[in-house]
Amino acid sequence: MSLRIATWNINSIRQRLGHLKDFTDSHGPDVLCLQETKVQDSEFPLSDLESMGYEEVFFHGQKSYNGVAILCKKAVQSHQKIVWCNKDDRRHLSVTLNNGLEVHNFYVPSGGPIPDPEQNDKFAHKIQFLKEMAKWVKNPDIKDKKLILVGDLNVAPLEKDVWNHKKLLKSVGHTPLESDLMAGLRQSGDLIDVGRHFVPDDQPLYSWWGYRYKPSFEKDYGWRLDHILATQSLKPALKKFEIVRHTRGWEKPSDHVPNVVDIDV
DNA sequence: ATGGCGCCTACGAGGCGA
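Everything numeric in this text was worked out from a predicted model, so none of it was measured.

Peer 1: For this particular structure, what's the right way to read the protein's contact with DNA strand B?
Peer 2: The immediate surroundings of DNA strand B are formed by 22 residues, with Ser12, Tyr107, Arg212, Tyr213 and Lys214 found nearest. Sugar plus phosphate, as a fraction of atoms of DNA strand B within 4 Å of the protein: 65%.

Printed below as a string of structure tokens:
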């Protein structure tokens, strides 16, 4: 049986309900992880999502910023929230499916404008967050699990994960320090970079195109900030991967597009 | 060298994204 898991930073769930309907109709993910829902739980549009065919919907949000959700076509065994960096800022949710597979959904801090933890508290927060993640996946229990880690990790670690490697080396999201921390995260948990499992490192692969420079998508000035990582035991089960680029061309789109993986379970 | 736009809150303009 094939299980489809998707991750999408939708930049406000209430602004994107139409796009969510279109994406779930066309791709029908069994588990859909969302980031930047930007809504407190009391205002979460639960019935709209249930009507898209999701039996269980988990959400962990706050007013204005951050917020994550997981939509599940079928009821799950359990769900969990982990607090990172001692801040309850709604950046993680996970579910354990009935077959034991764990799906962890992350929204890593963007890191602010200056890539220096001394000058910029937001960058220091991002570094700390990535280090905590690496420490967490280092737990030997994790290696024995069937575990998928997805989300907006806000780092494009490889040269071909950005449209201009040399130009962006000093930009937050593509600094050598952040790329090293991402490599460390993967090594700590012996995790597979699912995107690069399917698309070779020397080919451009992007999931985000900024709003600020209007023609960024037409010019393909993209970054791969969204990721799917998997524990080694899932390697033979990985069947298909897609970055659904065309959603960036929709009317009033999110600046991120969905990453989708199919797993044989 | 910088900003661009879009979304938030809440009604003017500033915070945030990356």
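Peer 1: Is there a simple way to think about the UniProt feature "binding site: Mg(2+)" (unreviewed entry) in chain A in this case?
Peer 2: Taking the numbering used here, the UniProt-annotated feature "binding site: Mg(2+)" (unreviewed entry) corresponds to Asn9, Glu36, Asp152, Asn154, Asp255 and His256. The annotated residues occupy 248 residues of the chain but converge on a single region, no pair of C-alpha atoms lying more than 12.5 Å apart. If you take the residues mentioned a moment ago, the ones lining the largest pocket come down to Glu36, Asp152, Asn154, Asp255 and His256. Its place among the elements puts asparagine 9 in strand 1 (residues 2-9).

Peer 1: Please explain the pairing of strand 6 (residues 92-96) as it appears in this structure.
Peer 2: Residues in a regular strand point their side chains to alternate faces of the sheet. Where burial is concerned, most of strand 6 is hidden: five out of the five residues are buried. Burial along strand 6 is two-sided: the residues His92, Ser94 and Thr96 and Leu93 and Val95 are all buried. Note that strand 5 (residues 78-80) and strand 6 share three bridges and pair antiparallel. By the bridge assignment, glutamine 80 is partnered in strand 6 with serine 94. Of the strand pairs in this sheet, strand 6 and strand 7 (residues 102-107) are connected by five bridges, and their pairing is antiparallel. If you follow histidine 92 over to strand 7, its bridge partner there is phenylalanine 106. Counted along the chain from strand 6 to the antiparallel partner strand 7, the turn is five residues long, and its residue glycine 100 has a positive phi close to 95°.

Peer 1: I'm lost on the UniProt feature "site: Transition state stabilizer" (unreviewed entry) in chain A in this one. Help?
Peer 2: UniProt annotation of "site: Transition state stabilizer" (unreviewed entry) refers to Asn154 when read in the numbering used here. Given a relative accessible area of 9%, asparagine 154 falls into the buried group. Among residues more than four places away in sequence, those in contact with asparagine 154 are Tyr107, Val108, Pro109, Ser110, Lys126, Gly173, Glu178 and Leu225.

Peer 1: Just to check I follow, could you spell out the sheet that holds strand 7 for this structure?
Peer 2: Whenever strands of a sheet pair, they do so through backbone hydrogen bonds, lying parallel or antiparallel. Across the sheet, six strands lie side by side as 5-6-7-8-12-9; this open sheet has mixed pairing. Of all the strands in the sheet, the pair left with one neighbour each is strand 5 and strand 9 (192-193). Bridging between strand 7 and strand 8 (residues 147-152) involves six bridges; their strand directions are parallel. Of the residues in strand 8, the one forming a bridge with histidine 104 is leucine 149. Across the sheet, helix 3 (residues 121-138) is in contact with strand 7 and strand 8; its angle to strand 7 comes to roughly 170°.

Definitions and limits used
Residues numbered from 1 in each chain as written. Chains lettered and ligands numbered in written order. Predicted model: local features only at pLDDT ≥ 70, side-chain atom pairs only at ≥ 80, totals over all residues. Heavy atoms only, no water. Near = heavy atom within 4 Å. UniProt positions renumbered as here; feature names shortened; annotations may be inferred. 1 Å grid on protein atoms, 1.4 Å probe; cavity = no way out; pocket = protein on both sides within 12 Å on 5 of 7 lines; lining within 4 Å. Helix = DSSP H or I, 4+ residues; strand = E, 2+ residues; numbered from the N terminus. Buried < 20%, exposed > 50% of the residue type's maximum accessible area, 1.4 Å probe, protein only. Pairing = 2+ DSSP bridges. Contact = heavy atoms within 4.5 Å. Axes fitted to C-alpha atoms, helices over the stretch in contact; angles between N-to-C directions.

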